[in-house]
Amino acid sequence: MGYTEPARTTTHRIRIRWIRVAGLLVVIAAIAIALGSQLLPTLSSTATSPSDVPRSDHRGALGAPGALGEADGAVPDGTTVFDTAVPGVAKLDPALLGALRQAATDAAHDGFAFVVNSGWRSPAYEDQLRREAIVKYGSEDAAARWVATGSTSAHVSGDAVDIGPSAAAAWLSEHGAAYGLCQIYGNESWHYELRPEAVDHGCPAMYADPTHDPRMQQ
Ligand SMILES: [Zn+2]
């Protein structure tokens, strides 16, 4: 029975190796999970932060003492396109509002709820947002990439709406053209305007950001 002893020893050694390998894998997996749990919130917050930019600006406008309120277009949290008591919604262009309501109704059937983070804004409110953006982004040029002025903004004329949350904006990105609702700026996934021709021809090419929009050069 000379063969059994070496065979057992070999099996034993292999088992020990496998235990070591398995132990190492467990450690690697634990490190990966730990790293992943640290990285994932960072990644997801980075991905969602652009859509929080206007939201937080609006909240500041509503909350700061002496700041402009709902009458100037600041909207309460959770405002929908059906909230006609909110001036930011009621003063939108009727054709834009009609298209938004149709889209919101169909999106709801798909399980997505539109929230209006901003709609119509008074010139004073738009200028206040612009001043806040200059402080936030550090210069007039940087702020111009995100917020227009009281005399140039499509929000002031009632022709633009900022839709959230990002899942609802993503629904609109996929289906909006059928309602004439188009994203206008590549850096603002939430900002929509009415382009009736999009129903037949699709949405026009986006501007990279508002500074490329000829309407902003006035
Ligand atoms: Zn906007």
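Please refer to the structure placed before this passage.
Attention shifts here to the coordination of the zinc ion. For a metal with four donors in a tetrahedral arrangement, the ideal angle between donors is 109.5 degrees, while six donors in an octahedron ideally sit at 90 or 180 degrees. Distances from the zinc ion to its protein donors, H155 (NE2), D162 (OD) and H191 (ND1), fall within 2.0 to 2.1 Å. Written as a sequence motif, the donor residues of the zinc ion are H-x6-D-x28-H. For D162, a relative accessible area of 2% corresponds to the buried category.

On to the sheet that holds strand β3 (residues 181–183). In space, the four strands of this open sheet follow the order β1-β2-β4-β3, with antiparallel pairing throughout. Strand pairing shows two members of the sheet lacking a second neighbour, β1 (115–118) and β3, which therefore form its edges. With strand direction ignored, the average angle separating the axes of adjacent strands in the sheet is 45 degrees. Where β3 meets strand β4 (residues 191–194), three bridges bridge the pair, whose relative direction is antiparallel. Pairing of L181 across the sheet is with L194, part of β4. Across the sheet, helix α6 (residues 166–175) is in contact with β2 (160–164), β3 and β4; its angle to β2 comes to roughly 120 degrees.

Here we take up the pattern of salt bridges. A pair can form between side chains of opposite charge whenever their charged atoms are brought close. One pass over the structure, following the stated rule, counts seven salt bridges. Between E193 and R195 there is a salt bridge, with the nearest N and O atoms lying 3.1 Å from each other. Comparing E193 with R195, the two get one shared label, buried. Among the salt bridges present, the one from D213 reaches R215, with a minimum N-O distance of 2.8 Å. Judged by its relative accessible area of 0%, D213 is buried. The class of R215 is partly exposed, set by a relative accessible area of 28%.

Here we come to the side chain of R195. One can find R195 in the loop between β4 and α7 (198–201). Only 3.1 Å separates the side chain of R195 from the side chain of E193, close enough to count as a polar contact. Setting aside residues up to four positions removed in sequence, R195 forms contacts with G180, C182, I184, P204 and R215.

What follows covers unusual backbone geometry. For the peptide bond that leads from G164 to P165, omega is -15 degrees, which places it in the cis range. Looking at the element boundaries, P165 is found in the loop between β2 and α6.

Per the counting criterion, the structure on display carries one disulfide. Here C182 pairs with C203 through a disulfide, and the sulfurs are 2.1 Å apart. Between C182 and C203 the sulfur-sulfur dihedral comes to about -85 degrees; the bridge is accordingly left-handed. Of the two residues, C182 is situated in strand β3 and C203 in the segment after α7; the sequence distance between them amounts to 21 residues. Its relative accessible area of 1% is what places C182 among the buried residues.

Once that is clear, we can look at the packing of aromatic side chains. Evaluated as defined, the whole model comprises five aromatic pairs. Between W146 and W190, the ring centres sit 6.3 Å apart and the planes meet at 15 degrees, which makes this aromatic pair stacked. Placement of W146 in the loop between α5 (140–144) and β2 and of W190 in the loop between β3 and β4 is noted, with a sequence separation of 44 residues between them. When the ring of W171 is compared with that of Y179, the centres are 6.2 Å apart and the planes differ by 40 degrees; the resulting orientation is tilted. The exposure class of Y179 is buried, given its relative accessible area of 16%. By way of ring pairs, the aromatic residues F114, W171 and Y179 are connected into one cluster. In this arrangement the basic side chain of K91 is found over the ring face of W120, its NZ or CZ atom lying 4.4 Å from the centre.

What counts as what
Residues numbered from 1 in each chain as written. Predicted model: local features only at pLDDT ≥ 70, side-chain atom pairs only at ≥ 80, totals over all residues. Heavy atoms only, no water. Donors = N, O, S within 2.8 Å, 3.2 Å for Na, K, Ca; no water. Buried < 20%, exposed > 50% of the residue type's maximum accessible area, 1.4 Å probe, protein only. Pairing = 2+ DSSP bridges. Helix = DSSP H or I, 4+ residues; strand = E, 2+ residues; numbered from the N terminus. Axes fitted to C-alpha atoms, helices over the stretch in contact; angles between N-to-C directions. Contact = heavy atoms within 4.5 Å. Salt bridge = Lys/Arg side-chain N within 4 Å of Asp/Glu carboxyl O. Polar contact = N/O pair within 3.5 Å; in protein donor to acceptor, adjacent residues only side chain to side chain. Disulfide = S-S within 2.5 Å. Phe/Tyr/Trp six-rings, centres within 6.5 Å; stacked < 30°, edge-to-face > 60°. Lys NZ or Arg CZ within 6 Å of the ring centre and 35° of its normal.

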